[in-house]
Amino acid sequence: MFGPPGAGKGTQAVRLARTWAIPHISTGALLREAVRAETPLGLEVKAIMAAGGLVDDALITRVVQERLQQPDTKPGFLLDGYPRTVAQAQSLDEFMAPGPKGPDPRDPLVIVELFVPEEEVLRRLAARMVCSECGANAQDDRDFSSCSNCGGTMVPRVDDAEDVVRKRMEVYRRQTEPLVEYYGKRATFRRVNGDQLADEVTSAIVAAVDNVLRK
Ligand code: AMP
């Protein structure tokens, strides 16, 4: 699943992973966790993330492929925030290609673009709060006082500051939007309107994916 910052990928991914009982793999969350824990990966990516840039393709691809080797991904998985460049999409295609032992039971790769107008994205990012302890997003507009997941304090995300958001939007347009062209003609590609109530977006994604899997 891909879409601009603030399109609702994280919120939707949590719901969908629960619905389909598959792991939710958020590259942003994996990286934020590495930064929090000050691992070598975290130290390497901290400044890039804070500035709103993209982490190196080879590095993030290694992180994702390591995660996809875990047995819990066998029945399927939901990628949130990867791929984000055409080079990453090519790596994912190679990774998902049927091996010598026949097609991977996880096939097919279904691609969902969550699209939201820019002014709505900017409005959402200005209001977004995340948990300082576990990184979870606030799940609705009303409860910013404490995290519904762990009770931690809610704070703005460092990369949601206005100048960083501008940079992330520009990075999205330049580096990620070309995925529309890359995936556009595939039978497994769907665009979903993310500018609706969260429940409506979830239903629309489930319907789009069902539609792909039925064909
Ligand atoms: P997100 O939570 O998906 O908005 O990701 C937060 C930040 O993590 C991004 O602004 C990037 O700096 C980094 N990041 C996450 N996923 C990727 C990726 N697939 N490729 C490069 N950088 C990424």
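Residues numbered from 1 in each chain as written. Predicted model: local features only at pLDDT ≥ 70, side-chain atom pairs only at ≥ 80, totals over all residues. Heavy atoms only, no water.

Whenever I open this one, the side chain of Gln12 confuses me. Can you help?
Relative to the helices and strands, Gln12 resides in helix α1 (residues 9–20). Other than its neighbours up to four places away in sequence, Gln12 contacts Met1, Leu114, Ala198, Val201, Thr202 and Ile205. (Helix = DSSP H or I, 4+ residues; strand = E, 2+ residues; numbered from the N terminus. Contact = heavy atoms within 4.5 Å.)

Hey, could you run me through the nonpolar core in this one?
Generally speaking, a soluble globular protein has its nonpolar side chains buried in company with each other. Judged by nonpolar contacts, the single largest core of 23 residues is most densely connected at Phe2, Val55, Leu68, Leu79, Leu92 and Tyr183. Secondary-structure elements contributing two or more residues to this core are α3 (40–50), α4 (57–68), α5 (86–96) and α8 (178–183). Every residue in contact with Leu79, bar those within four places of it in the chain, is listed here: Met1, Ile25, Val64 and Leu92. Within the second largest apolar cluster, 18 residues are counted, among which are Leu16, Leu78, Val201 and Ile205. (Core = buried A, V, L, I, M, F, W, Y, C linked by side-chain atoms within 4.5 Å. Buried < 20%, exposed > 50% of the residue type's maximum accessible area, 1.4 Å probe, protein only.)

Which parts of the structure should I look at to understand the packing of aromatic side chains?
Two aromatic rings, taken as a pair, are described by how far apart their centres are and by the angle between their planes. Under the counting rule described, the total for this entry stands at two aromatic pairs. Ring centres of Phe2 and Tyr183 lie 6.5 Å apart, and the angle between their planes is 35°; on these two criteria the pair is classed as tilted. Taken together, the residues Phe2 in the segment before α1 and Tyr183 in helix α8 connect sequence positions 181 residues apart. Of the two residues, Phe2 and Tyr183, both sit in the buried class. (Phe/Tyr/Trp six-rings, centres within 6.5 Å; stacked < 30°, edge-to-face > 60°.)

I'm lost on the site of the ligand in this one. Help?
With respect to spatial proximity, 16 residues lie near the ligand, and among them Thr27, Arg32, Gly53, Gly81 and Gln88 are the closest. Interatomic distance of 2.9 Å between a backbone N/O atom of Gly81 and a nitrogen atom of the ligand. At 3.0 Å, a side-chain N or O of Arg84 approaches an oxygen atom of the ligand. Within the complex, the protein chains bury 96% of what would otherwise be the 480 Å² of accessible surface of the ligand. The greatest single-element share of the shell around the ligand, amounting to four residues, is contributed by helix α2 (residues 27–37). (Near = heavy atom within 4 Å. Polar contact = N/O pair within 3.5 Å; in protein donor to acceptor, adjacent residues only side chain to side chain. Areas by Shrake-Rupley, 256 points an atom, 1.4 Å probe, with all protein chains shown as cover.)

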